[in-house]
Amino acid sequence: MAVCYGVVIANALLGGQCLKAMYLVMQPNGEMKLFEFVIIFGCLLLVLAQFPSFHSLRYINSFSLLLCLLYSASAAAASIYIGKGSNAPKKDYTIVGDQETRVFGIFNAMAIIATTYGNGIIPEIQATISAPVKGKMMKGLCMCYLVVIVTYFTVAITGYWAFGNKANGFIFTNFLNAETGHYLVPTWFIFLVNLFTVLQLSAVAVVYLQPINDILESVISDPTKKEFSIRNAIPRLVVRSLFVVAATIVAAMLPFFGDVNSLLGAFGFIPLDFVLPVVFFNFTFKPSKKSFIFWINTVIAVVFSCLGVSAMVAAVRQIIIDANTYKLFADV
């Protein structure tokens, strides 16, 4: 549940950044701050969060996949265009920072990678709801990792090639030359690709919010009443709205997207993906303590537990550093 809610917070922040980028295309000297755009994105989520069930989100989810492919392809194409252009930024691939910063950066990166690729746990959990588990799980995981590899690898490789160690966690910000204030790609392209991203993020946030809604509504709803009766509709509206408002406030207060991703991976995805499954396997199937499978599972659980703790320390450290650099509701 914490992982799902963390994704909603991260999406609210990234959605606000995209809206701000669209605004600056239209109003280069505009004075609106990042937190205002996060609030606007939160208002969009407030409406979409009222979809009653996973089933009602099926078309939004399909549209989200298409948008994901579109903006990932656009980001990769733009990076190649900029990297090959006459105004290409100077490329520096050296690792910056002192020894301490580099070490903590490694753990930070591992946590972000866990967040990125840990989404496979979602179809894995969903596949266990009804039989046959193994067939559906494998299909879901194959589709999930195919999309992740195609999208993330193309953007990561082209973005790092084009911008080197200046590549931002939100790569679209690199499309603006900070020194001259001019865009390195056509402004209509910036607007369009950010629009794709906003729509996709809103869909993803609503999907991740749905498990929280289902669990809470199993407590506050009356199963003897109809889904859209006053008795069930009003509590559902209030609870869902409160959760969206809280996520929006946190995103506006701490506008550090990479840091949020890192903490999310360390706290949520590393345990979910690498620790709990092997522990549950040993508890459920009880392999002999002399067997290879028992000890390899135990080693995996111990190693990734230590990695998770280290990554969490690194993530919290980075948030503290950024919080000292920027004030609450900073315009970054």
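Structure shown above.
Residues numbered from 1 in each chain as written. Predicted model: local features only at pLDDT ≥ 70, side-chain atom pairs only at ≥ 80, totals over all residues. Heavy atoms only, no water.

## Structural notes on the overall build of the chain
A tally of helices and strands in the chain yields ten helices and zero strands. Counting from the amino terminus, helix and strand elements in the chain follow one another as α-α-α-α-α-α-α-α-α-α. Scaling as 2.2 N^0.38, a compact globule of 332 residues should have a C-alpha radius of gyration of about 20 Å, and the chain matches this with 21 Å. Considering only C-alpha atoms, the chain reaches an extent of 60 × 60 × 40 Å along its principal axes. Here the chain holds 332 residues, and the buried ones make up 41% of them. For the chain, long-range pairs separated by at least 24 residues make up 76% of all intrachain contacts whose partners lie at least 6 apart in sequence. If you sum the accessible surface of the chain, you get close to 18400 Å²; carbon and sulfur atoms cover 73% of it. (Helix = DSSP H or I, 4+ residues; strand = E, 2+ residues; numbered from the N terminus. Rg over C-alpha atoms; globule rule 2.2 N^0.38 Å. Buried < 20%, exposed > 50% of the residue type's maximum accessible area, 1.4 Å probe, protein only. Contact = heavy atoms within 4.5 Å. Areas by Shrake-Rupley, 256 points an atom, 1.4 Å probe, with all protein chains shown as cover.)

## Section: the environment of Lys33
Of note, Lys33 is situated in the loop between α1 (2–26) and α2 (34–48). When its relative accessible area of 38% is taken as the criterion, Lys33 is described as partly exposed. Remark: the alpha-carbon pair of Lys33 and Val244, spanning 211 residues in sequence, is separated by 20 Å.

## Notes on the packing of aromatic side chains
With the rule as written, the count across this model stands at nine aromatic pairs. Between Phe172 and Phe175 the ring centres are 5.7 Å apart and the planes differ by 40 degrees, which places this aromatic pair in the tilted class. Neither Phe172 nor Phe175 differs from the other in exposure class; each is buried. Taken together, a centroid distance of 4.8 Å and an interplanar angle of 45 degrees make the contact between Phe281 and Phe285 tilted. In this pair, Phe281 and Phe285 both sit in helix α9 (residues 257–285), four residues apart, roughly one turn of the helix. The class for Phe281 is partly exposed, based on a relative accessible area of 33%. Phe285 gets classed as exposed once you look at its relative accessible area, which sits at 58%. Here Lys91 stacks its cationic end above the ring of Trp161, 5.2 Å away from the centre of that ring. (Phe/Tyr/Trp six-rings, centres within 6.5 Å; stacked < 30°, edge-to-face > 60°. Lys NZ or Arg CZ within 6 Å of the ring centre and 35° of its normal.)

## Some remarks on the pattern of salt bridges
Summed over all chains, the structure comprises two salt bridges. Of the charged contacts in the structure, one is a salt bridge between Arg240 and Glu217, with a shortest N-O distance of 2.6 Å. Residue Arg240 is found in helix α8 (residues 230–253), and its partner Glu217 is found in helix α7 (residues 187–220); the two are separated by 23 residues along the sequence. A relative accessible area of 0% places Arg240 in the buried class. (Salt bridge = Lys/Arg side-chain N within 4 Å of Asp/Glu carboxyl O.)

## Regarding unusual backbone geometry
In the Ramachandran plot, Lys286 falls in the positive-phi region, its phi being about 45 degrees despite a non-glycine side chain. Along the polypeptide, Lys286 turns up in the loop between α9 and α10 (292–325).

## Re the packing of α1 against α7
The relative placement of two packed helices comes down to the angle between their axes together with the axis-to-axis distance. Following both chains from N to C, one finds α1 and α7 inclined at 160 degrees, their axes separated by 8 Å at the closest point. With respect to α7, the element α1 is oriented roughly antiparallel. The interaxial crossing formed by α1 with α7 has left-handed handedness. Its residues assigned to classes, the contact of α1 with α7 shows 22 nonpolar, five polar and no charged. (Axes fitted to C-alpha atoms, helices over the stretch in contact; angles between N-to-C directions. Parallel < 35°, antiparallel > 145°, perpendicular 65-115°, else oblique. Left-handed = near helix turned anticlockwise from the far one by under 90°. Nonpolar A, V, L, I, M, F, W, Y, C, P; charged D, E, K, R; others polar.)

## Considerations on a nonpolar patch on the surface
A cluster of nonpolar residues, Phe63, Leu66, Leu70, Trp188, Leu192, Leu195 and Leu199, forms a patch on the protein surface that exposes about 630 Å² of accessible area. For the nonpolar patch, the secondary structure elements donating two or more residues are α3 (58–84) and α7. It is α7 that contributes the most residues to the nonpolar patch, four residues altogether. When you line up the elements, Phe63 lands in helix α3. (Patch = residues over 30% accessible without salt bridge, like charges linked within 9 Å, V, L, I, M, F, W, Y side chains within 5 Å.)

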